[in-house]
Amino acid sequence: MQIAPLSLFVSATLLSLSVSAQDTATVTAIETERTEKQAELDNYTQVLDKHLSEETRLQAQLDLLRQRSAELDKEKNQALDAMNDIYRRLIDDPSLDISAAQSRYQQAVAEHKQNKEDIVMQLAAIASHRKDIEQIRVTKHTLVNTIASLNDQLSTARIERLRNEFSREGTLEVDHTINCKRTETLAACEQRGQQLGLQKATKHFIDQIFANLTEQRVVEPKRHLAGAQVQVVSSHVVGSAFSGQGNYSVNLSVTMRGDVNNSRLCSLLNLDNRYCSEYGSPLAVGYQASYPTTFSDEQLTFSNELSKSAPVVSVARMPAAPDITTEVAPQPPKNREVELTLRSNVYDDEVFINGVSYGSTKLVVNLPTGMHDIEVRKLGYEPYKANLNLRRARTLNARLVKKPESIAAPTPKSEQTQSTQQANVAQPVKVVTPDRVINETVIIPAGSFKMGDLTGNGLANERPVVEKVLSHSYVMQSKEVTVAEFRRFIDSSQYVTEAEKGKGCAHYKNGEPVWEIDYNWRSPGYEQADDFPVVCVSYEDAKAYANWLSGDQGMQYRLPNEVEWEYAARGDTTSEYPWGNEIGRNQANCGWCGSEWSNKSPAPVGQFSANAYGLYDTVGNVWEWTQKRASQDDVTVRGGAWNFAPSLARVSTRLALAPDFRANYIGFRLVRER
């Protein structure tokens with residue numbers, strides 16, 4: 001009699017029921033909480049939409065009040081003029097009735113005063129409403145992070161449940177009959193029968209394990225990838241007999257325990273391998289080696305837009321010419337304009353003529369005849385200076401010499417030697433002087449990309465996907481602005497951040513942002529060093545730093561807009577992260593990402609591999625402020641953080657916050673105008 005399936009089902013279930021029920025209860029509890037939090041988020045989204053509509057209505061009313069203020073002011077002045085006129089006439093004709101003019105002026109003054117009070121009240125209502133909107137947005141990004149964290153917990157719980165289900169233990173009775181071979185002894189036939197019986201038992205056992213998996217429909221199609229095995233704990237013969245026809249029958253009782261290749265559990269459930277990396281070999285790191293970081297002149301574009309104070313010039317990118325001066329036209333009459341052509345032996349330089357920036361070489365510009373101060377600058381090089389008496393068309397070749405203490409900028413491909421592979425790797429600009437360290441910068445080439453949620457895993461505000469074109473290259477700091485860099489700004493300008501003069505800085509406590517009065521960029525709630533990203537800075541603080549750095553360096557710095565940030569962070573990829581669609585393990589510093597800083601603090605900048613454009617920490621570490629559009633009231637942060645779930649560190653994730661919000665998980669980096 002064949003009783004294996006029934007015996008296995010009863011025995012295995014009895015031995016693992018409590019563990020399986022506990023695992024399922026955990027998964028169910030997480031799913032329930034996630035559903036509740038998602039409902040909360042949906043509700044807050046609706047509330048926020050209503051508040052935004054109400055704010056639009058209040059703003060429209062304020063605009064009407066301001067328009068009416070101008071009208072009432074005009075009416076008040078006209079009424080005053082009319083009353084003054086009748087007073088003058090009253091001197092010659094004391095019998096004149098002035099009551100109508102007085103009433104008109106009194107009414108005009110009263111209406112103008114009331115309108116001013118209405119404007120004040122309307123402004124107060126808008127300010128109060130915006131505080132509510134700010135709180136709702138903070139609550140929303142808290143819920144988004146909570147839901148993402150619950151998704152991580154759910155994945156972990158599912159893996160643990162599957163592992164426990166594969167590790168069940170049970171006892172099976174199995175009957176098996178074989179025909180003894182004429183050439184084998186009875187003892188050999190008996191041994192072979194028992195071995196085949198054991199094989200039959202283990203096959204039935206593994207079948208029952210798969211049949212009773214909670215997520216059997218998901219796992220079964222990948223059964224061949226599971227590496228599932230059976231360990232025989234014990235076995236004994238219940239009964240056996242030989243028949244007269246040379247058959248041997250055996251009834252075995254076998255106690256077995258399941259086993260599985262734990263590193264394969266994630267593939268069985270279609271989950272990110274990072275949930276299983278602790279069971280098997282960690283994922284490979286170091287994708288940087290396959291990424292080029294050098295761009296030729298042909299890959300770069302330069303904008304022709306200059307400041308309004310500068311003459312319009314034609315800017316083009318061409319190889320450097322020999323150091324010669326060429327006459328291209330006869331000397332023009334005095335005070336006429338002539339053409340000056342400027343070239344240099346480096347790229348990404350900046351030309352100043354009489355103190356005004358004219359962009360990069362090669363440069364062709366029309367200037368008045370006479371004396372002109374020419375200067376060509378580039379970080380890491382001694383500036384080239386010349387006092388030129390321009391009388392006719394000239395070509396000037398500037399040769400810049402590297403500073404001894406600098407690390408040179410990347411050399412164009414046309415100037416590279418082929419001696420070693422290392423010579424083809426771009427080195428970002430880094431200048432070190434006794435009193436400063438300037439953030440390294442990299443060139444982001446012009447191009448186009450699809451912006452938004454390309455994989456369908458994003459939030460609602462990441463859709464729809466939009467094609468964006470960046471027609472000009474730009475320069476971006478390769479790392480977040482550090483504590484040391486920000487301190488130099490504070491020491492130089494005596495600037496006081498909003499956290500230091502307000503209610504402090506927010507930090508995460510029990511899953512929610514909590515304000516801490518004593519937290520600021522100097523003391524953010526965790527130990528930090530000079531090479532940590534500066535945090536607890538608001539949007540306005542970041543803009544103040546950019547303005548100061550622009551004056552300090554003589555070049556225009558600002559926050560990147562969202563298009564620039566996402567294009568640069570993608571690094572010419574279409575995946576969720578620079579290395580693919582899975583966060584992996586110890587690839588970045590975000591919550592539950594497996595780094596030594598995850599859920600503890602930011603990491604020092606540049607601890608993980610850079611993306612294709614040479615940018616570090618665009619995944620995790622700290623959220624980064626982006627420049628808001630003129631029509632926006634809120635500001636968007638990008639990139640995720642050390643205490644936010646990995647799914648929020650995707651390249652297209654967006655969180656909207658009030659400009660004066662600051663937290664110990666928000667920092668910034670800058671772009672430089674070319």
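Caption draft 1: Representation of the pattern of salt bridges within the structure. Going through the model one piece at a time under the given rule, you end up with 33 salt bridges. Arg223 serves as the salt-bridge partner of Asp207, at 2.4 Å between the closest nitrogen and oxygen. Within this pair, whereas Asp207 is found in helix α3 (residues 186-211), its partner Arg223 is found in the loop between α4 (216-219) and β2 (229-242), the two being separated by 16 residues in sequence. For Arg223, a relative accessible area of 27% translates into the label partly exposed. Notably, a salt bridge pairs Glu673 with Arg558, separated by 2.6 Å at the nearest N-O pair. Linking Glu673 in the segment after β27 (671-672) with Arg558 in strand β22 (residues 557-558), this pair joins segments that are 115 residues apart in sequence. Among the residues examined, Glu673 registers a relative accessible area of 36% and is labelled partly exposed. Through salt bridges that share partners, Glu562, Glu566, Arg570, Arg638 and Arg654 make up one connected network.

Caption draft 2: Spatial organisation of the sheet that holds β22. The 4 strands lie next to each other as β16-β19-β27-β22, forming an open sheet whose pairing is antiparallel. In this open sheet, the two strands that pair with only one neighbour each are β16 (441-444) and β22. Pairing geometry for strand β19 (residues 474-477) and β27, over 2 bridges, is antiparallel. Each residue of the ladder has a partner; that of Val475, found in β27, is Arg672.

Caption draft 3: Spotlight on the nonpolar core. One finds Phe486, Tyr545, Trp623, Trp625, Tyr665, Ile666 and Phe668 to be the most contacted residues of the largest nonpolar core, which totals 52 residues. Mapped by element, the contributors of at least two residues to this core are α2 (99-166), α6 (483-493), β20 (505-509), α8 (539-553), β23 (623-625), β24 (635-638) and β25 (654-657). Broken down by element, the residue count for this core peaks at 7 residues, all from α8. Not counting chain neighbours up to four residues away, the residues in contact with Phe668 comprise Glu480, Val481, Phe486, Val534, Val537, Ala542, Tyr545, Leu559, Trp623, Glu624 and Trp625.

Caption draft 4: A look at the side chain of Ser69. Of note, Ser69 is situated in helix α1 (residues 4-92). Ignoring any residue separated from it by four or fewer positions in sequence, one finds Ser69 in contact with His112, Asn115 and Ile119.

Caption draft 5: Geometry of unusual backbone geometry. Cis geometry is found at the peptide bond from Arg463 to Pro464, where omega equals 5 degrees. For Pro464, the position within the fold is in the loop between β17 (447-451) and β18 (466-470). The phi torsion at Asn599 lies on the positive side, around 65 degrees, for a residue other than glycine. Position of Asn599 among the secondary structure elements: in the loop between α9 (562-570) and β23. A positive phi angle, close to 70 degrees, is found at Asn621, a residue other than glycine. For Asn621, the location among the structural elements is in the loop between α9 and β23.

Caption draft 6: Here's a closer look at the confidence of the model for the protein chain. Chain-level pLDDT for the protein chain is 81 on average; 82% of the residues reach the 70-or-more range. Contacts of residues 1-17 to residues separated by more than four positions or lying in other chains number 31 contacts, the stretch itself having pLDDT below 50. Every residue in residues 279-334 is under pLDDT 50, and counting partners more than four places away or in other chains gives 127 contacts.

About the criteria used
In this convention, every chain numbers its residues from 1, walking through the sequence in written order. Given that the model is predicted, a residue must reach a pLDDT of at least 70 before its local features are reported, and side-chain atom pairs must reach 80 or more before they are shown or counted; all residues, however, enter totals for whole chains, interfaces and linings. Calculated side-chain values reflect all of the structure's heavy atoms, with hydrogen atoms and water omitted. Salt bridge, as used here, is a side-chain nitrogen of Lys or Arg placed within 4 Å of a carboxyl oxygen of Asp or Glu. Put simply, DSSP marks the helices as runs of H or I at least four residues long and the strands as runs of E at least two long, and each gets a number from the N terminus on. Only protein chains enter the calculation, and the probe is 1.4 Å; a residue is then buried if its accessible area is under 20% of its type maximum, exposed if over 50%, and partly exposed in between. Any two strands between which DSSP finds at least two bridges are classified as paired. Residues belong to a common nonpolar core when they are buried Ala, Val, Leu, Ile, Met, Phe, Trp, Tyr or Cys residues joined through side-chain atoms within 4.5 Å. In this description, contact between two residues means that some pair of their heavy atoms is separated by no more than 4.5 Å. As a per-residue measure, pLDDT reflects the predictor's confidence and takes values from 0 up to 100.

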